[in-house]
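Residue-level structure breakdown
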Amino acid sequence: MNNPVQHSASTSADSNQSGTWSQRFESALHPAIARFNASIGFDIQLIEYDLTGSQAHAKMLAHTGIISVDEGEQLVAGLEQIRQEYRTGQFTPGIEAEDVHFAVERRLTELVGDVGKKLHTARSRNDQVGTDTRLYLRSQIQLIRERLREFQAVLLTLAEQNVETLIPGYTHLQRAQPLSLAHHLLAYFEMAQRDWQRLGEIYQRVNVSPLGSGALAGTTFPIDRHYTAELLNFGGVYANSLDGVSDRDFAIEFLCASSIIMVHLSRLSEEVILWASEEFRFITLKDSCSTGSSIMPQKKNPDVPELVRGKTGRVFGHLQGLLVLMKGLPLAYNKDLQEDKEALFDAVLTVQSCLEAMTILLREGMEFRRDRLQAAVSEDFSNATDVADYLATKGVPFREAYNLVGKVVKTSLEQGKLLKDLTLEEWQALHPKFEADIYSAIDPRQVVAARNSYGGTGFDQVRQALKSAQERILDEG
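First, a word on what this report is: a plain description of the structure on this page.

**Examining the packing of aromatic side chains**
Taken as a whole and judged by the stated rule, the model has eight aromatic pairs. Their ring planes at 35° and their centres at 6.4 Å tell us that F398 and Y402 sit as a pair that is tilted. Of the two residues, F398 and Y402 both sit in helix α16 (residues 398–415), four residues apart, roughly one turn of that helix. For F398, a relative accessible area of 36% puts it in the partly exposed group. Residue class for Y402 comes out partly exposed when judged on its relative accessible area of 46%. Three or more aromatic residues joined by ring pairs form one cluster here, namely Y49, Y136 and F345. Lying over the aromatic face of F234, R138 brings its terminal NZ or CZ to 4.9 Å of the ring centre.

This is the structure in structure tokens:
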């Protein structure tokens, strides 16, 4: 085997067209069109995956006898040298390379000579870029799932610490019924669990190899697509070459799943923002995760949740953009598909950074004000439903009890009283079924504890939900 020859990693602009296209073209691209056409500015992020995919392709070419074993080894070694050059900053292709695929192929030819020109045998940029994108997204999905697990772990820790901490529950942003704070936090755990599962399902459809589909119709060479798929740890290969080079369903699914993750993070962000306000005062923001005002010295701003809430829109936009991009494309590959990369790259970065930021915020950037939470659940009429339930357990039809309690709340509001302030005589004047135990029945802690139906906020149910959540994470990894 010949060792890769050492050459400079620099390239010249005048090789752009002659080295890229056939002699069908007589002149180079207009410089502005060359810049417009180039994707090297962003698809360089695929270089490690392009090198890995190309090494598998080179091994397959040698395995099937399309090139010699020695040539295959030279290609693999040359590609590995490019990987090291890139990692050490020695290989930095510019716009003259047009895209990462041509940049790698040209550098490879500089390193191993004419053997490098054989790498593209039985392969098109169409199936090559599809392979690179899937390799990239496959690894990023795993990273995002790990971030989701870290996010869930923090939620579980907070929930364990706050099983018997009460917080007002809301519907229509109006006080509804008191809740265990742990129950509230576990709702976000369940959302994240669906996100984790959803990405796992999408991973299976990302993990399919288009390599060997060629430009659109396959190839005349005796390739072994299953061999390259196995080398790259793909779960299977595309059964139709047209579909293999033009499918972006997997990218749309990923952006959809990313959008749902951001919905969940944005909902939590909105609650944190409200909780931190003077009107709620349910939490205190710590200095490590908040900033001040440039003009108002008393302020402490919830920057992290506000940014998460704001960044949600850009991920939604990427999903919409790719849907619109795909809706009018005839088979098979079209240059429009170059536009999927930046959307994917930015969505991946946004989701990962938002998950990291929210995890840090929950773990060390905020603190629940238990005294304020306790006061909040004691100063409203969120125990009114329990008065109706109390009467119903004593044989009063629920709808009758419901209407009676509505009148009680109206009268109490007029008198500036809470339900706990009514005397037993006042209760019994409303209905003879009321007894002294009405006071314990409407105590906020009892109101929460009594909701012991499966999935409810009762303390016993919450403890069981915590145990179940911890077991699921251990079982699923």
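There's plenty left to go through after this.
**Focus: the nonpolar core**
Counting 84 residues, the largest nonpolar core has L137, F151, F254 and L265 as its most contacted members. In terms of residue count, helix α8 (residues 181–206) provides more of this core than any other element does, 13 residues in total. Those residues in contact with L137, other than ones at most four positions away along the chain, are V206, F250, A251, F254, L344 and V348. If you look at the next biggest cluster of nonpolar residues, it comprises 25 residues, including I66, A103, L108 and L119.

**Brief notes about helix α4 (residues 47–63)**
Helix length check: α4 (17 residues) gives 24 Å between terminal C-alpha atoms against 24 Å at 1.5 Å per residue, within 8%. Of all 17 residues that make up α4, 13 are buried, and the element is covered over most of its length. The first or second residue beyond α4 is G65, which carries a positive phi of 80°.

What counts as what
Residues numbered from 1 in each chain as written. Predicted model: local features only at pLDDT ≥ 70, side-chain atom pairs only at ≥ 80, totals over all residues. Heavy atoms only, no water. Phe/Tyr/Trp six-rings, centres within 6.5 Å; stacked < 30°, edge-to-face > 60°. Helix = DSSP H or I, 4+ residues; strand = E, 2+ residues; numbered from the N terminus. Buried < 20%, exposed > 50% of the residue type's maximum accessible area, 1.4 Å probe, protein only. Lys NZ or Arg CZ within 6 Å of the ring centre and 35° of its normal. Core = buried A, V, L, I, M, F, W, Y, C linked by side-chain atoms within 4.5 Å. Contact = heavy atoms within 4.5 Å. Expected span 1.5 Å × (residues − 1).

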